[in-house]
Protein chains: 2
Amino acid sequence: MSITIKEIAEKANVSIATVSRALNDNPNVKESTKELIRNLAQEMNYSPNFVARTLVKKKTNVIGIILPEVGGEFFPEIIKGVDEVAYQNEYHVFVASSHSERNTVESILGFMSKSMVDGVILMLPSITDHIRNLIKRTRIPIVLINGYSKMEEVSSVGIDNFQGAYTMTNFLIQNKGYDKISFIKGPDINSDAKLRLKGYKAALEDNKIPINHEWIVDGDFTIKGGELAASRLLSLINKPSVIFAANDMMAAGCYRVIDQLGLTIPDDIAVVGFDHIPMSEFLNPKLTTVHVPTDEIGRKAAKLLLDILENSETTKPQHIKITTGLIVGKSC
Amino acid sequence: MSITIKEIAEKANVSIATVSRALNDNPNVKESTKELIRNLAQEMNYSPNFVARTLVKKKTNVIGIILPEVGGEFFPEIIKGVDEVAYQNEYHVFVASSHSERNTVESILGFMSKSMVDGVILMLPSITDHIRNLIKRTRIPIVLINGYSKMEEVSSVGIDNFQGAYTMTNFLIQNKGYDKISFIKGPDINSDAKLRLKGYKAALEDNKIPINHEWIVDGDFTIKGGELAASRLLSLINKPSVIFAANDMMAAGCYRVIDQLGLTIPDDIAVVGFDHIPMSEFLNPKLTTVHVPTDEIGRKAAKLLLDILENSETTKPQHIKITTGLIVGKSC
DNA sequence: TGTAAAAATGTAAGCGTTTACATAATTTGG
DNA sequence: CCAAATTATGTAAACGCTTACATTTTTACA
């Protein structure tokens, strides 16, 4: 059993109210009694009961992050960004991730809503109607992390996928002189993936390069998918000179296939990716890719959420887009 | 404001006690009233207040994991393992990680002890006296994840670093025929690192290969450290034919240096690692390394902790060592 | 020194549950 | 049909803390 303020009160010969006030540094407690109580608390190894405090204050000072199962490459970075901001504002962070054992975010979101956290940052690769309803029904503030939210009513933070893909494509054309640029798509339901494709197409159009639909192949954001897509592209009669994979994982898959075929990057075929996951730095040659400032996403999301929590209701939903950067490697 | 059992009680014309019992499926509540109350709860979108329940039950059904800042490569796997077991036992998992903003695990452990979680899984790269005391003073059950715990009084789960390094070294000697095997150490304070070194040395001895101290160089588990160490080893007059890096990150550093020098792996120099981090699969040629079953560690740790929580006090501290495997790539 | 204002402390209610104990309603069996 | 046993419900305390309000103590000043 833990020490409670009641026991401190007894030892100090004061009421529990005074103890509570002293420990919370309430200005109208005599300095001497404050000191007495603080010392006593220290001696007795007292540690306040978070749960009891939360019950009366109706505030946990904890925010939750819910992460999807797939592709955990950048989660640590996001968490770090969130935790940084949270810590500065005296909040704690509660991370939960869905995985094979639980098929939806429902259980987690449900749990979190039970007065466990003050708000949650929800990262979703795609958003179903079911989840949409869930979010609407949830009472606590939510900030979405994703490429593009069609939920106007919920604040969101995401990277500018369109701009990222556009910049990369433009870079390939204008700085590197490529014009035979192929593209490996992501999953159709993934909104990030869709916007990356759009950016790619837009850049081609703006540069007056016709879109070759043979060069736009399906992918699923996995290594395997990248391998399949690369094989397809490399077996075409009219081969592209660059493969722009919608994420780094698939780019890695391309590397493998290209390697197996005895071709060299970038001479025989160039490869570029998107995400700048840690692994991309270790691909040989180093991958040229779109840098996604993951920690920045985390920080922005946390700031947004805390803002909502502090000035509740006054702020209307915001949608923040974070600009990506270009990491120029040796792969093109 | 959320719905409470009080409001349900009013609507149902029963006392809050009955509502509480009905919702908890207490056997001596009439089936008809149970139904009534359950329906009402559903309609009113009631969701129990976790905090209030915890206050009286003194059980949160949440376990915490505290992760260190460094090298987050395998955290997702560990978390997954923990969460799997936790979920099966109706527990939730609370992840926190130390990072630059907070220099010790103190703040987190402190927070977690405040009745926030029922127990914690603590992952520590090294264990200082300060932390040791902290652990001893903490009232809630703790399970340590690390290579070797000198804390007999606290249960722990870890991989068998000695066996892993021994097996790898032995493999290099007996299966691959190497005898000029160098080793890049990890940080001196890191207990995993120390045991890996021991395993390496023991295998050499058992194979009657004299230890060449020139071939045992310092490292710090980072890429940079690997680069430095590799440079050192490759500038020796009497060069080794294999580099055994105490972790994969340093092995990656070796790859870089070897690449820059225009040498090839494994012909000019072989490289092997330890950890089997995802990246190791993408190094070219694929890295031969020691596989650490990270999710297994998470599962075991969670099982151990839950066991302690359920049969509190009855079980004495256990120390589980998990056997590693060998991933044979093309790097030796 | 007396009194009003200011400062310090105490009292008690309340946060939303659970649960031991008390009471009321129902069933059972002689 | 009534008492006893059983079943269902209610009452109220408790969990550990915060805080509005009441009360006491100290301070300031005429």
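Here goes a summary of the coordinates provided.

Rules used throughout
- Residues numbered from 1 in each chain as written.
- Chains lettered and ligands numbered in written order.
- Predicted model: local features only at pLDDT ≥ 70, side-chain atom pairs only at ≥ 80, totals over all residues.
- Heavy atoms only, no water.
- Pairing = 2+ DSSP bridges.
- Helix = DSSP H or I, 4+ residues; strand = E, 2+ residues; numbered from the N terminus.
- Contact = heavy atoms within 4.5 Å.
- Axes fitted to C-alpha atoms, helices over the stretch in contact; angles between N-to-C directions.
- Core = buried A, V, L, I, M, F, W, Y, C linked by side-chain atoms within 4.5 Å.
- Buried < 20%, exposed > 50% of the residue type's maximum accessible area, 1.4 Å probe, protein only.
- 1 Å grid on protein atoms, 1.4 Å probe; cavity = no way out; pocket = protein on both sides within 12 Å on 5 of 7 lines; lining within 4 Å.
- Points joined across faces, edges and corners; volume = space filled by probe spheres on them.
- Nonpolar A, V, L, I, M, F, W, Y, C, P; charged D, E, K, R; others polar.
- Near = heavy atom within 4 Å.
- Polar contact = N/O pair within 3.5 Å; in protein donor to acceptor, adjacent residues only side chain to side chain.

Moving on: the sheet that holds strand β6 (residues 181–184) of chain B. Residues and elements named next belong to chain B. With respect to topology, 4 strands assemble into an open sheet ordered β7-β6-β8-β9, the strand pairing being parallel. Strand pairing shows two members of the sheet lacking a second neighbour, β7 (216–217) and β9 (270–272), which therefore form its edges. With 2 bridges joining them, β6 and β7 adopt parallel strand pairing. Its bridge partner being in β7, I184 is matched across the sheet by V217. This element, helix α10 (residues 223–234), spans β6, β7 and β8 (242–245) of the sheet and lies at about 150° to β6. Packing of helix α11 (residues 248–260) onto the sheet brings it into contact with β6, β8 and β9, and relative to β9 it is tilted by some 160°.

As a further point, take the nonpolar core. Residues I63 and I121 of chain A together with I63 and I121 of chain B are the most contacted members of the largest nonpolar core, which totals 158 residues. Core analysis: the next-biggest nonpolar cluster, separate from the first, contains 34 residues, F50 and I66 of chain A together with V117 and I142 of chain B among them.

In the structure shown here, the tally under the stated rule is 4 cavities of 30 Å³ or more. One number sums up the size of the second largest cavity: a volume of about 50 Å³. As for the second largest cavity, its lining consists of F50, V51, T54, T60, S115 and M116 of chain A together with F50, V51, T54 and M116 of chain B. For the lining of the second largest cavity, the per-class residue count stands at 6 nonpolar, 4 polar and no charged.

Residues and elements named next belong to chain B. Relative to the helices and strands, S156 resides in strand β5 (residues 155–159). When its relative accessible area of 5% is taken as the criterion, S156 is described as buried. The sequence separation of S156 and L234 amounts to 78 residues, and the corresponding C-alpha distance is 39 Å.

Okay, the protein's contact with DNA strand D next. By nearness alone, 29 residues border DNA strand D, and I5, S20 and Y46 of chain A together with S15 and R21 of chain B come closest of all. Of all DNA strand D atoms lying within 4 Å of any protein atom, the proportion belonging to sugar or phosphate reaches 68%. In this structure, a phosphate oxygen belonging to DNA strand D sits 3.2 Å away from a main-chain N or O atom of N49 of chain A. One of the side-chain N or O atoms of T33 of chain B is found 3.1 Å from a phosphate oxygen in DNA strand D. Contributing elements (two or more residues each) for the surface near DNA strand D: α2 (16–23) and α4 (50–57) of chain A together with α2 (16–23) and α4 (50–57) of chain B. Taken together, the residues that form the surface near DNA strand D break down as 14 nonpolar, 9 polar and 6 charged.

Don't take any of this as a statement about function, it's just geometry.
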